[in-house]
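# Understanding the architecture of this molecule
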Amino acid sequence: LAHRIGQVAYLGDQLRSAGVPIVEPSGGHAIYLDARGFLPHIPQGEFPAWALTCELYLEAGVRTVEIGTVLAGRDPKTGDHDYPELEMVRLAIPRRVYTDRHMDVVVTAVARLHERRDSIRGVKFTYESPILRHFTARFEPIA
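What comes next is a walk through the structure. Bear in mind that the values here come from a model prediction, so they are computed numbers and not experimental data. (Residues numbered from 1 in each chain as written. Predicted model: local features only at pLDDT ≥ 70, side-chain atom pairs only at ≥ 80, totals over all residues. Heavy atoms only, no water.)

In this section: the pattern of salt bridges. Under the counting rule described, the total for this entry stands at nine salt bridges. The closest approach of N and O atoms between Glu-59 and Arg-112, which form a salt bridge, is 3.3 Å. Residue Glu-59 is found in helix H3 (residues 48-60), and its partner Arg-112 is found in helix H5 (residues 100-115); the two are separated by 53 residues along the sequence. Take Glu-59: its relative accessible area is 25%, and that puts it in the partly exposed class. The shortest N-O distance in the salt bridge between Glu-59 and Arg-116 comes to 3.6 Å. Here Arg-116 lies in the loop between H5 and strand E4 (123-127) and Glu-59 lies in helix H3, a separation of 57 residues in the sequence. A residue is classified by how much of its surface remains accessible, and Arg-116, at 31% relative accessible area, is partly exposed. One network of salt bridges, with partners in common, ties together Glu-55, Glu-59, Arg-112 and Arg-116. (Salt bridge = Lys/Arg side-chain N within 4 Å of Asp/Glu carboxyl O. Helix = DSSP H or I, 4+ residues; strand = E, 2+ residues; numbered from the N terminus. Buried < 20%, exposed > 50% of the residue type's maximum accessible area, 1.4 Å probe, protein only.)

A few words now on H3. The first and last C-alpha atoms of H3 sit 18 Å apart over 13 residues, in line with the 18 Å expected at 1.5 Å per residue. All of the buried residues along H3 are Pro-48, Ala-49, Trp-50, Ala-51, Leu-52, Thr-53, Glu-55 and Leu-56. Phi for Gly-61, located one or two positions after H3, is positive at around 75°. (Expected span 1.5 Å × (residues − 1).)

Structural measurements only, silent on function.
In structure tokens:
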């Protein structure tokens, strides 16, 4: 357990050193990127955390999860998006699977994205399921 918490702390420290905005303190199982801090030019209605998850996968094959507006869903009465206070991307670290070298690959990829963050655009739905939309939704980049 100490190794795992240390590995997550290592990832958080490396990301902070690269100037990447993360939610602090670092967790015991994951680092959460602050997508609104990372991509302040993308309005919440263009899903900055979702856009960041896509970019990270394209950059380095790193799979993450959006914890933001897409996950929050819509208000059942108004149909408007439920906008949470935080837009996050979770970098979960399973126990005894990855080495610190793997963490370095993640840091390098996230730092590259952070350097070119102004070029990252939001996304829009092309398909949205009425329930559990984050499992089956489809998106396209906003030009």
